[in-house]
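So the chains spell out like this:
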Amino acid sequence: MQENGTEVTAAGIARLAGVGRAAVSNWRRRHADFPKPVGGTETSPSFALTEIEDWLRAQGKLAEVPLRERVWQQVAGHPHGPVTALIHVGCALLLVHDRPTVWLEVSAGSDARLAELLPAPLDQVLTPRFGAIRKRAVATPTADRLRASAPLLRAAAELAAELDARKAYEFLLGRHLDANPRQYTLTPPGLAALMADLAGPATTVLDPACGTGALLRAVAAAQGTSAPEEQHLDGQDSAPELAALTALRLALHTRAVVRTAAADTLREDAFNSLRADAVVCHPPFNERNWGHDELAYDPRWEYGFPARTESELAWVQHALARLREGGVAVLLMPPAAASRRSGRRIRADLLRRGALRAVIALPPGAAPPYNLPLHLWVLRRPALGAQTAQPEVLLADTGVYTADSRGGLDWQAVRTAVLDAWRPFDRTGTVAEQPGLSRCVPVIELLDDDVDLAPARHLPPSAADGGAEQLTDVRRSLGETLRLTDRLTPPPVEPRPPVRRPLTTIGELARGGALQLRTGGNGGHARVPVLTDHDVLAGAAPSGSLPESDEEAELTEAGDVVVPVLGGGSVARVVDEATAGAALGRNLVLLRPDPAALDPWFLAGFLRGTANNRQASSYASTATRLDVRRLQLPRLPLEQQRVYGERFRALAEFEETLRLAGRLGEQLVRGMYDGLTDGTVEPG
């Protein structure tokens, strides 16, 4: 094994072999020839990936592992870190994509030869694609840096031959982002698409806080399958690795000219001469060290010098300064930016000069931080000397689309509501009021002492939000549900001692062909709804969405049993016709029983036993994980299974009715409070 070779943890070994971590621990204890740790700690050791692959292959446990999983393990265990690995892979895949014959020529021979020959052709591809702007994000890697990556680059090229270069890179980048959720602030795909729609068609687009490139990619996607060659996508980020990953991601996805720079945008603007058609931005929130002391006389502050606590208004003015006249900027903003007193003078000047065109409140859960109803600000750079006869601002609040359960935001409904208000307003300067949802507010009405732009404070309540008639319907539904609950309540039971039966495990049943075991992943088609672990726990409909990935999804079928593996709860759900066809989300295991051998309700019912879950769970410092293969079932004939299954089905119906009663009760109580306080319901 070479020095500083790729390492893999026990969790990575489990993924390679398609088993639980407990199986890896067993192999270490039972097999004297299992590879020895080469790093990590005593409680979390790491192993040489090449040695692990050789051992698994010799044991016959590696034959069916997908190529993409092996490549990901090489990225995750790269000696210089996964970010360096992804940058090297992106450069190589760009060469594979643009000049495949050159790649074939340089990759022939040894890894040392590949590392030595690769920098020159990479430079010939990277420089035309990314230009020679100041602080270019993607530098050509040297031969010394490429030596450790040579095996990975060959594997990535093999994966590109299987998927294509774009899909291969998107898969690897998506896995890295998914594995490090606290390291990156991501813009969800639904929000990115909405911001691109609000920005409209554009030839030159800038994202001054580009992160992982989600907004620029959404703008390119809005133009069609790929951005046209004449389109320019420019991005800047203070984190060099993000600027580089964004450049490579966009170059593999589009034919547009891509330029990204690694520098602090407010202090060291790499695009200070740019006048873009559109700016899209998800800036950092609540920054205190944004350059207040150094930038007091910066020409970008046309609408006023932002206070130290108003970093978001600095980003707003930076975006306006980089637009051509009539260009549109769309920024994601914290709700406090619409009402903080320290920013009221700047907000007032944005309104007076017609730069701020719309403030749109999103439902909580739209983007991190998920507990806040973030805002979208839509701005347009005014033409010099232009005056608006009757200036109005569009205020909209989509809070009515707040999800009932985590991960269930209906982006299509949000998008339709926002665009149905914005597009006519953008054309004519006004739009009909939608009570509780949107309203055109005269600028003069907002120019008071506070200049408070929070939409909820200026929108009249919707007539559909309450009222005696709606509350009567809710109360009637609640009464019917409570009566149904009473009928479904299980009858009293006679106590009896526990019965000992011969048992088998899910792992044994899977090996014997009585059921199939599948795990949820990250991929699939964006239009397929995803059944998340939160949906299973809450008994809700599929509410998740897939990240930008082309990995094949595991789709559910009626009669499947779905089990969450995190959280320590004893839950198992039988998939019905309404849920069938949804993609299986992360942290879920799907069991597909052979109907000639297993009754699905019998299976799900016994999997929910508390003692059964306890003996199959492992515990970390902050989480509980269920090893589904260790769950146990009694060995019973199919007819007897069906007797149990009917009882378990009745319990599931009782449980769902209780949930519905709880939701209706909450709706009735909330409606009564609202009706009594707004006068639509009389106290009597």
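For the structure itself, consult the block above.
Residues numbered from 1 in each chain as written. Predicted model: local features only at pLDDT ≥ 70, side-chain atom pairs only at ≥ 80, totals over all residues. Heavy atoms only, no water.

**So, the packing of helix α5 (residues 82-98) against helix α6 (residues 100-107)**
Between α5 and α6, the shortest axis-to-axis distance is 5 Å and the interhelical angle comes to 125 degrees. With respect to each other, α5 and α6 are oriented oblique. Every residue of α6 that contacts α5 at Ala92, Leu95, Val96, His97 and Asp98 is listed here: Pro100, Val102 and Trp103. Tallied by class, residues from the contact of α5 with α6 come to 6 nonpolar, 1 polar and 1 charged. (Axes fitted to C-alpha atoms, helices over the stretch in contact; angles between N-to-C directions. Helix = DSSP H or I, 4+ residues; strand = E, 2+ residues; numbered from the N terminus. Parallel < 35°, antiparallel > 145°, perpendicular 65-115°, else oblique. Contact = heavy atoms within 4.5 Å. Nonpolar A, V, L, I, M, F, W, Y, C, P; charged D, E, K, R; others polar.)

**Observations regarding unusual backbone geometry**
In this chain, Pro368 is followed by Pro369 through a cis amide linkage whose omega measures -5 degrees. Position of Pro369 among the secondary structure elements: in the loop between β9 (356-361) and β10 (375-380). Positive phi values are uncommon outside glycine, yet Asp164 reaches one of about 110 degrees. The backbone of Val451 shows a phi angle near 50 degrees, a positive value even though the residue is not glycine. Note on placement: Val451 falls in the loop between α18 (443-446) and α19 (468-488). Residue class for Val451 comes out buried when judged on its relative accessible area of 3%. (Buried < 20%, exposed > 50% of the residue type's maximum accessible area, 1.4 Å probe, protein only.)

**Remarks on the sheet that holds strand β4 (residues 204-207)**
Reading across from one edge, β6-β5-β4-β7-β8-β10-β9-β11-β12 is the order of the 9 strands in this open sheet, with mixed pairing throughout. For this open sheet the edge positions go to β6 (257-262) and β12 (438-442), each flanked by a neighbour on one side alone. Put simply, the sheet's adjacent strands are angled 15 degrees from each other on average, direction ignored. Pairing of strand β11 (residues 392-397) with β12 involves 5 bridges; the strand directions are antiparallel. The residue of β12 that forms the bridge with Glu392 is Pro442. Sheet strands in contact with helix α13 (residues 214-222) are β4, β5 (232-237) and β7 (276-281), and its direction is about 160 degrees off that of β4. Helix-sheet contacts for helix α17 (residues 411-428) involve β9, β10, β11 and β12, and the interaxial angle to β11 is about 175 degrees. (Pairing = 2+ DSSP bridges.)

**Comments concerning the side chain of Glu312**
Positionally, Glu312 belongs in helix α15 (residues 311-321). When sequence neighbours within four positions are dropped, the list of residues in contact with Glu312 reads Pro284, Phe285, Asn286, Met333, Pro334, Ala337 and Arg340.

**A few points about the pairing of strand β16 (residues 561-564)**
The side-chain alternation of β16 yields two buried faces, one formed by Val561 and Val563 and the other by Val562 and Pro564. Bridge analysis of β16 against strand β17 (residues 573-574) gives 2 bridges, and the strand direction is antiparallel. Residue pairing in the sheet places Val561 in a bridge with Val574 of β17.

**Points about α17**
In a regular helix each residue adds 1.5 Å, so 18 residues correspond to 26 Å; α17 covers 26 Å between its end C-alpha atoms and thus fits that length. For α17, the complete set of buried residues consists of Trp411, Ala413, Val414, Ala417, Val418, Leu419, Ala421, Trp422 and Phe425. Following α17 by one or two positions, Gly429 adopts a phi angle in the positive range, close to 85 degrees. (Expected span 1.5 Å × (residues − 1).)

**Some details on the sheet that holds β17**
In space, the 4 strands of this open sheet follow the order β14-β19-β16-β17, with antiparallel pairing throughout. Only two strands of the sheet have a single neighbouring strand rather than two, namely β14 (515-519) and β17. Lying over the sheet, helix α22 (residues 600-607) contacts β14, β16, β17 and β19 (588-593), oriented at roughly 15 degrees with respect to β16.

**Section: the pairing of strand β3 (residues 45-48)**
Of the strand pairs in this sheet, strand β1 (residues 7-9) and β3 are connected by 3 bridges, and their pairing is antiparallel. By the bridge assignment, Glu7 is partnered in β3 with Ala48. Bridge analysis of strand β2 (residues 39-40) against β3 gives 2 bridges, and the strand direction is antiparallel. Each residue of the ladder has a partner; that of Gly40, found in β3, is Pro45. In this antiparallel pair of consecutive strands, β2 and β3, the connection spans 4 residues.

**Re the nonpolar core**
Among the nonpolar cores identified, the biggest contains 99 residues, and Trp103, Leu198 and Leu376 are the most heavily contacted of them. No other element matches the 11 residues that α5 contributes to this core. Viewed by domain, this core spans two of them, domain 2 (73-179) and domain 3 (189-457), each represented by three or more residues. In this structure, Trp103 is in contact with Ala92, Leu95, Val96, Leu114, Leu118, Leu153, Arg154 and Ala157, ignoring residues within four places of it in sequence. Counting 42 residues, the second-largest nonpolar core is a separate cluster that includes Tyr303, Leu350, Val359 and Val443. (Core = buried A, V, L, I, M, F, W, Y, C linked by side-chain atoms within 4.5 Å. Domains from an automatic or database assignment.)

**Section: the packing of aromatic side chains**
Scanning the model with the defined rule gives 11 aromatic pairs in all. Between Phe34 and Trp55 the ring centres are 4.8 Å apart and the planes differ by 70 degrees, which places this aromatic pair in the edge-to-face class. Placement of Phe34 in the loop between α2 (21-30) and β2 and of Trp55 in helix α3 (residues 49-58) is noted, with a sequence separation of 21 residues between them. Across the pair, Trp55 and Phe34 agree in class, each one buried. (Phe/Tyr/Trp six-rings, centres within 6.5 Å; stacked < 30°, edge-to-face > 60°.)

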